[in-house]
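Residue-level structural notes
Next come the chains, spelled out residue by residue.
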Amino acid sequence: MDEQRGPGAGPPERWRTGGPPRWWRQGPPGWSRRADGREDGLESAGRVRWPWPSTVLFTAFVLIGSGFADHAQAGERVALDPLGRVLLLLSGAVLLWRWRHPVAVLWGTVAAVLLYLGAGYPYGPVLLTVVVACFAAVASGRRYAAWAATGTLWAGHLLTVHVLYRWLPPSGDDAAPWTEEIVVATWVVALLSVSELARVRREQWARERAERARAERRRADEERLRIARELHDVLAHSISVINVQAGVGLALLDSDPEQARTALTTIKAKSKEALGEVRQVLDTLRAPGTAPRTPAPGLDRLPELAEQAASAGLAVTVEGEPPRLPPGADLAAFRIVQEALTNVVRHSGSREARVRVERRDGRLRLLVDDDGPATGADAGGTGNGLAGMRERAAALGGTIEAGTRPDGGFRVLAVLPIETEEDR
């Protein structure tokens, strides 16, 4: 992952991808853009917002609409009295808890509506409270409770208008026609179907949000690994050269001041170069998505890399012509060679190294050899350097082989299965 990520581009501010518009604040809490960062589900009741505006609106609509229904059904149903208005108020007010206790609210509205209809009060928008409570229950995942409650409401209505009507107000009332029950049953089925569709859509949005969050964390982890590899490769190589030249300078400071001056000059140039490369890596953290101000290094800089190694006392011979590669593969190949030469400087007694670049069947082979002997227990690089090379190769689908040769030297072989620009 060597390309820089661009700034996040998204939908207009009023909309969120995979969810409803931002202004829909009274739907299920997981659908609100503001609630996305507050909760993982409807179970976290303590963090669910109170739906005051919608509850007040529903309650007012039920009270006012029932008043008009009372006037329209005068003489047919029992006139609204304080008890009827209290039942209407309660059936609307309990909706305030519909996202915290959806099952209890649903059964409460069903009980209030059955009492209201059983008392003979006029038909009207009181059934809206059951619709809202049922929708909240299904969207919350309490689908079986919603089915049971709406079935109970329908059964209670059937019992009231076909069996108990003789003993319930208003007096002299007749049994309701069965065609009316068919209409009621159709509305019940439609209500449950819409609620189920809303529940399925909500779960789909939740899965999409979770997947986006995982993808963001994965990209962040990959970016951290990339930056860590870049810093390690830049600093390990530069500091190794600086360390060698500092030792040379100290050893020759009295006997050969001119050579010591040359070593100090090399230290200054190398530290300046290292600071520039570190600054380029860190700039991606300060301003993600901006293009780097200097091109990323590639195999075309192998001669420069050989000169840097020579300043550290290591003679490097480069064999083969580097092919033109995609930027990401070119950078990975350069860093692998750089780390291999750094390990020779730090862990080998050899003052000569050979770098061979080959193309075979669409694969790039990088071979770095030295004649040894090893000068430390971790000769050849068994720490983060070798692990970083393997990560870079694995990111391109390649492999790294590193180990001692029978003659005592050390070899690093990188095979990168890449598509070169010439093959396209």
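Given the structure is predicted, the values throughout are model-derived calculations rather than measurements.

On the basis of which strands lie adjacent, the open sheet formed by five strands has the order β1-β2-β3-β5-β4 and mixed pairing. The sheet is open, and its two borders are formed by β1 (315-319) and β4 (399-404), each paired with just one other strand. Taken pair by pair, the neighbouring strands of this sheet meet at an average axis angle of 10°, ignoring direction.

Once that is clear, we can look at the nonpolar core. Judged by nonpolar contacts, the single largest core of 34 residues is most densely connected at Leu299, Leu314, Leu341, Leu364 and Leu366. Where this core is concerned, the elements lending two or more residues are α9 (302-311), α10 (327-347), β2 (352-360), β3 (363-370), α11 (384-395) and β5 (410-417). For this core, the element with the highest residue contribution is α10, accounting for nine residues. The contacts of Leu366, once residues within four sequence positions are left out, are Leu299, Ala333, Val337, Arg356, Val357, Val412, Leu413 and Ala414.

What follows is about the confidence of the model for the protein chain. Across the protein chain, pLDDT averages 77, with 79% of residues at or above 70. When mean pLDDT is compared element by element in the protein chain, helix α3 (residues 82-93) scores highest at 93, while helix α1 (residues 33-36) scores lowest at 41. Here residues 1-46 is modelled with pLDDT under 50, and outside its nearest four sequence neighbours on either side it reaches 85 contacts, counting other chains as well. This model gives residues 377-382 a pLDDT under 50, and the stretch forms ten contacts once residues within four places in sequence are excluded.

This model, assessed by the stated rule, comprises three aromatic pairs. Ring centres of Tyr116 and Tyr121 lie 5.3 Å apart, and the angle between their planes is 35°; this geometry places the pair in the tilted category. Here Tyr121 falls in the buried class, since its relative accessible area comes to 3%. Here Arg143 stacks its cationic end above the ring of Tyr144, 5.8 Å away from the centre of that ring.

Calculation notes
Residues numbered from 1 in each chain as written. Predicted model: local features only at pLDDT ≥ 70, side-chain atom pairs only at ≥ 80, totals over all residues. Heavy atoms only, no water. Pairing = 2+ DSSP bridges. Helix = DSSP H or I, 4+ residues; strand = E, 2+ residues; numbered from the N terminus. Axes fitted to C-alpha atoms, helices over the stretch in contact; angles between N-to-C directions. Core = buried A, V, L, I, M, F, W, Y, C linked by side-chain atoms within 4.5 Å. Buried < 20%, exposed > 50% of the residue type's maximum accessible area, 1.4 Å probe, protein only. Contact = heavy atoms within 4.5 Å. pLDDT = per-residue confidence, 0-100. Phe/Tyr/Trp six-rings, centres within 6.5 Å; stacked < 30°, edge-to-face > 60°. Lys NZ or Arg CZ within 6 Å of the ring centre and 35° of its normal.

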